[in-house]
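# Reading the structure
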Amino acid sequence: MGFVMVFIVTAWFGNPLPVLGFDQSPVQPIAFPHTAHAGSEPLVNTDGSPKLDADGNQLTGIGVDCTFCHRTVTSMNAAGIPPVETCVTCHRVIGATDSEPLTLLRTIGLGEDPGPIQWKRVHRLPDHVRFVHEPHIRFLTAAGNTDVIANRDEAAILAGTQMDGSVVASVTCSTCHGDIKAQEQVAQVEPLKMGQCVDCHRKHDAPTDCATCHF
Ligand code: HEC
Ligand code: HEC
Ligand code: HEC
Ligand code: HEC
Ligand code: HEC
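First, a word on what this report is: a plain description of the structure on this page. (Residues numbered from 1 in each chain as written. Chains lettered and ligands numbered in written order. Predicted model: local features only at pLDDT ≥ 70, side-chain atom pairs only at ≥ 80, totals over all residues. Heavy atoms only, no water.)

### Concerning the overall build of the protein
Counted only if it meets this: Each helix is a run of H or I in the DSSP string that is no shorter than four residues. Each strand is a run of E no shorter than two, and both are numbered from the N terminus. Burial classes follow relative accessibility: with a 1.4 Å probe on protein chains only, a residue under 20% of its type's maximum area counts as buried, one over 50% as exposed, and anything between as partly exposed. Note on contacts: a residue pair qualifies if any of its non-hydrogen atoms lie within 4.5 Å across the two residues. In these tables, accessible area is a Shrake-Rupley quantity obtained with a 1.4 Å probe, and a residue counts as shielded only by the protein chains included in the view. All tallies of charge rest on Lys and Arg as positive and Asp and Glu as negative; His and the ends of each chain are not included. The location of each charge is read from NZ of Lys, CZ of Arg, CG of Asp or CD of Glu.
Counting secondary structure elements, the protein contains 10 helices and zero strands. For the protein, the α and β elements follow one another from N to C terminus as α-α-α-α-α-α-α-α-α-α. Referenced to the eigenvectors of the C-alpha coordinate spread, the extents of the protein come out at roughly 60 × 50 × 35 Å. Residues counted as buried form 27% of the 215 residues belonging to the protein. Considering only intrachain contacts with a sequence separation of at least 6, the fraction spanning at least 24 residues in the protein is 55%. When the accessible surface of the protein is split by element, carbon and sulfur atoms take 63% of a total near 14200 Å². Separation of charge centres in the protein, based on 14 positive and 23 negative side chains, amounts to 6 Å.

Shown next as structure tokens:
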């Protein structure tokens, strides 16, 4: 009985539900906007007004590929979060000098001892579950599998389709993460519960025995 209780409690707190007031979209130590980096739409301020540079020109997202920052997503279990050095290569010079989040970034990144930024995890499965990105990206990018991509951005998929019918990795992320490039602050939009994982595994002949996903 005690063992079962411990299991349920750890499973619950490992991935709490928002009904209890847990936040699915934590405020990050530096307000990092995917819109400005991965998106390519005109940027807006929090009050909805157009975001302008120092000369009064409209700022637009720079459309950096997801894999530029999440470098290990096509090869490993974890996608990886870029080190502060990656940010500073651009932000040493790019962006307003009076920007609060960028001042904080430059302080951390250009300090004598640039420590890691303590990003808060948004997507986190309970500790008893194993997830690996690599086979999913390999499967979803393969020629003939684009129909499986969920929360689709048709234009991006079309632009990301290669001669052999396969697609680039960055158009497949929406399947489980939604439209990240449109998010000012990352939120989890898919439930990513066992049912969703097993459904897709069943449909596409992926393994469904417990040990595939459970330690
Ligand atoms: C390829 C260059 C590039 C890289 C790498 C980059 N950024 Fe940016 N970043 C930009 C551009 C361009 C903007 C939009 C200009 C602006 O908002 O002033 C921007 C905007 C921002 C803003 C919003 C600034 C504001 O005043 O609202 C923050 C915060 C930010 N970046 C943080 C980061 C962090 C953290 C990293 C590393 C994980 C990073 N950036 C990596 C180019 C880059
Ligand atoms: C300039 C670097 C950069 C680019 C480009 C970028 N990201 Fe990120 N991403 C980050 C950083 C830094 C974080 C951690 C802070 C946060 O959660 O906002 C992050 C967080 C995330 C998370 C949440 C991780 C968690 O804790 O669960 C997801 C999912 C994600 N990115 C997906 C994407 C996708 C999909 C794209 C392409 C459309 C993309 N990212 C492009 C830097 C980047
Ligand atoms: C099949 C579903 C699925 C797809 C497709 C997917 N992810 Fe994830 N991603 C997850 C899950 C589930 C987690 C949480 C993993 C955990 O808690 O162990 C996660 C976590 C992350 C994280 C935070 C932790 C880490 O791994 O570093 C980032 C960043 C991320 N994903 C980026 C991406 C990017 C970029 C893509 C597209 C190239 C992508 N993901 C495609 C399901 C997916
Ligand atoms: C979009 C469909 C899809 C979704 C959603 C999905 N998977 Fe998968 N998964 C696959 C496919 C297909 C494979 C097999 C890829 C291959 O051919 O190696 C796979 C492989 C795996 C593997 C590796 C199995 C092995 O050892 O070879 C693990 C672990 C896994 N998935 C866990 C998960 C978990 C956990 C979730 C839910 C958070 C999830 N998957 C959601 C399609 C999916
Ligand atoms: C394709 C991946 C996958 C497979 C296969 C799988 N599970 Fe799960 N399981 C998950 C994920 C993801 C969660 C976490 C759900 C959450 O966040 O609550 C989970 C959660 C659980 C939980 C905790 C209760 C809950 O709903 O949160 C139990 C118990 C469980 N699984 C048992 C099993 C058993 C028994 C099997 C074999 C018949 C199995 N699982 C096969 C992915 C999988």
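Once you've had a look at it, read on.
### Here we look at the coordination of the iron atom of ligand 3
Let me state the cut-off plainly: Listed donors are limited to N, O and S atoms within 2.8 Å of the metal, widened to 3.2 Å for Na, K and Ca; water is not among them, so incomplete-looking sites are possible. Tetrahedral means four donors with every angle between 85 and 135 degrees, whereas square planar (four donors) and octahedral (six donors) require angles over 155 degrees between opposite donors and between 65 and 115 for all others; sites fitting neither are termed irregular.
Coordination of the iron atom of ligand 3 by the protein comes from His-133 (NE2) and His-177 (NE2), over a distance range of 2.0 to 2.1 Å. Around the iron atom of ligand 3 sit six donor atoms; with metal-centred angles ranging over 87 to 179°, the donor geometry is octahedral. Here His-133 is found in helix H6 (residues 133-141), whereas its partner His-177 is found in helix H8 (residues 174-177), with 44 residues between them in sequence. You can call His-133 buried: its relative accessible area is 16%.

### A look at the side chain of Thr-175
Just so we agree on the cut-off: Definition of a polar contact: a pair of N or O atoms within 3.5 Å, with one able to donate and the other able to accept a hydrogen when the atoms are protein atoms, and with sequence-neighbouring residues admitted only if both atoms are side-chain atoms.
On the secondary structure map, Thr-175 appears in helix H8. At a separation of 3.4 Å, a polar atom in the side chain of Thr-175 contacts the main-chain amide nitrogen of Ala-150. A polar contact is formed between the side chain of Thr-175 and the backbone oxygen of Thr-172, at a distance of 2.8 Å. For Thr-175, the contacting residues outside a window of four places in its chain are Leu-140, Val-148, Ile-149, Ala-150, Asn-151 and Glu-190.

### What about the site of ligand 1?
To keep it simple, the criterion reads: The nearness test applies per residue and asks whether one of its heavy atoms lies within 4 Å of the molecule or strand. In this classification, the charged set is Asp, Glu, Lys and Arg, the nonpolar set is Ala, Val, Leu, Ile, Met, Phe, Trp, Tyr, Cys and Pro, and all remaining amino acids, among them Gly, are polar.
Around ligand 1, the structure places 19 residues, and the nearest of them are His-37, Cys-87, Cys-90, His-91 and Ser-99. His-37 is positioned with one of its side-chain polar atoms (N or O) 2.8 Å from a nitrogen atom of ligand 1. Side-chain polar atom of His-91 to a nitrogen atom of ligand 1: 2.7 Å apart, as the coordinates give it. Of all the secondary structure elements, the ones that give two or more residues to the shell around ligand 1 are helix H4 (84-91) and helix H5 (100-110). It is H4 that provides the largest number of residues to the shell around ligand 1, a total of four residues. Classifying every residue of the shell around ligand 1 gives 13 nonpolar, five polar and one charged.

### Quick word on the packing of H4 against H5
To keep it simple, the criterion reads: Note on method: axes are straight lines fitted to C-alpha atoms, helices fitted across the in-contact stretch only, with angles between N-to-C directions ranging 0 to 180 degrees. For classification purposes, an angle smaller than 35 degrees is called roughly parallel, one larger than 145 roughly antiparallel, one from 65 to 115 roughly perpendicular, and anything else oblique. For any helix crossing, the convention is left-handed if the near helix is rotated counterclockwise from the far helix by under a right angle, and right-handed if that rotation is clockwise.
Running from amino to carboxyl end, H4 crosses H5 at an angle of 120°, the nearest separation of the two axes being 9 Å. Accordingly, the angle class assigned to the pair H4 and H5 is oblique. Along this stretch, H4 crosses H5, giving a crossing that reads as left-handed. Here H4 contributes Val-84, Cys-87, Val-88 and His-91 to the contact with H5, which in turn contributes Leu-102, Leu-105, Arg-106, Ile-108, Gly-109 and Leu-110. Its residues placed into classes, the contact of H4 with H5 shows seven nonpolar, two polar and one charged.

That's the geometry; what it means functionally is another story.
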